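Understanding the architecture of this molecule
Below, each chain spelled out in residue letters.
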Amino acid sequence: MTTPSQANRHHWDSDAQRYHDAHPEYLNGFYWCPEMLSEQEGRLLGDVSGATILEIGCGSAPCANWLAQNTGARLVTGFDISAGMLSRASGPAPLTQADVLALPYRDHSFDVAFSAFGALPFVADINTAFEEIARVLAPGGRFVFSVNHPMRWVFPDDPDELTAEISYFEREYLEHNDQGELTYAEYHRTFGDWVRALGQAGFWLADVVEPEWPANLNITWGQWSPKRGAIFPGTAIFVAFLAS
C-alpha cells in the first residue's frame, strides 16, 4: 500500500521540472508565499547571525541558499523528500533527502527551523512532524512556516472563482490512479488544528502573518491570483517558539 510520503515523493520527482519552469520568479530567492513576501523584507526569522538553521521541505533550496549567501548564519541546511527537487539545487547549503516524520538530525541541533510552503501541507501526521521538528530544535528555538491560508481551502483551484464550494472541515485531498494507488496527498488544517498541533509539540505561537496581495503583483500562481488576493488571504505564516 502506497503511503502519503511515498505518493508525494513520486509526485514531486515527476513534477519538479514543470514546477521550476512555471515559477522562476518565486524560486529566485527567499519568498515565503505567492504574495512574494521576501525574508529580506519580512525578517520573520529574526537575526540569524551565528545561528544554525534547518529548512523543512526545501525543494531546490532557494531559501536555504539565500540565507547561506546573505546572512551571517553559522550553518544553513535543508532537506526534502523528493530527489527530483533536490537535484535542481545550486548553492552552498548542504542538503539531504529525508522525510519530516523521521528527521536524520541529532536532538537540539538547530536554533531556527522554517518551511516556506514546503512539506507541511502534504503530511498526514502533523503531530509527529511537529514533534520531530521540536526534537531537533534547541530550547527557545524559532519555528516559522507558511502554508495555504485555512480559509483558502473552501475555494476551488480556479483562480477566478470566488464562490466557496468545499467544506472548511474537510481535511484531505487525495488522488489515485486507475489501479487505486495513492498518487498525491494534500491535507487541510483549520486554524484551530494548527494552533493545537503546535501546542501539543511544545511550541508557543507568537504571531500569524497574513500577507496582503501587493498592488503591483500581476502573477497568477496556481490558485493564487490578484482577483482573489484583493478579497481574502491566500497564505498564513505561523511564527512560533519552542518552550525553554
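Report on the accompanying structure. Keep in mind it's a predicted model, so treat the numbers as computed, not measured.

Moving on, we come to helix H5 (residues 126-136). For H5, every residue scored as buried is listed here: Ile126, Ala129, Phe130, Glu132, Ile133, Ala134 and Val136. In this fold, the buried residues of H5 make contact with strand S1 (52-56), strand S4 (110-116), strand S5 (137-148), helix H6 (191-200), strand S8 (203-209) and strand S9 (235-242).

So, about the pattern of salt bridges. In this structure the tally under the stated criterion is 5 salt bridges. The partner of Arg135 in a salt bridge is Asp107, and the shortest N-O contact between them spans 2.8 Å. Taken together, the residues span a long stretch of sequence, with Arg135 in helix H5 and Asp107 in the loop between strand S3 (95-97) and S4 at a distance of 28 residues. On the basis of relative accessible area, Arg135 is assigned to the partly exposed category, the value being 23%. Given the relative accessible area of 46%, Asp107 is considered partly exposed. The shortest N-O distance in the salt bridge between Glu132 and Arg135 comes to 2.8 Å. Of this pair, Glu132 and Arg135 both sit in helix H5, 3 residues apart, which is roughly one turn of the helix.

Bringing the sheet that holds S5 into the picture now. Across the sheet, which stays open at both edges, the 7 strands sit in the order S3-S2-S1-S4-S5-S9-S8 with mixed pairing between neighbours. Taken across any chain shown, the strands that pair with only one partner, and hence form the sheet edges, are S3 and S8. On average, each strand axis in the sheet is tilted by 20° relative to the strand beside it, whichever way the strands run. Note: strand S2 (residues 75-80) against S3, 3 bridges, orientation parallel. From the neighbouring strand, Gly78 faces S3, where its bridge partner is Leu95.

Rules used throughout
Residues numbered from 1 in each chain as written. Predicted model: local features only at pLDDT ≥ 70, side-chain atom pairs only at ≥ 80, totals over all residues. Heavy atoms only, no water. Buried < 20%, exposed > 50% of the residue type's maximum accessible area, 1.4 Å probe, protein only. Helix = DSSP H or I, 4+ residues; strand = E, 2+ residues; numbered from the N terminus. Contact = heavy atoms within 4.5 Å. Salt bridge = Lys/Arg side-chain N within 4 Å of Asp/Glu carboxyl O. Pairing = 2+ DSSP bridges. Axes fitted to C-alpha atoms, helices over the stretch in contact; angles between N-to-C directions.

Note that every value here comes from positions in space, so none of it alone points to a role or purpose.
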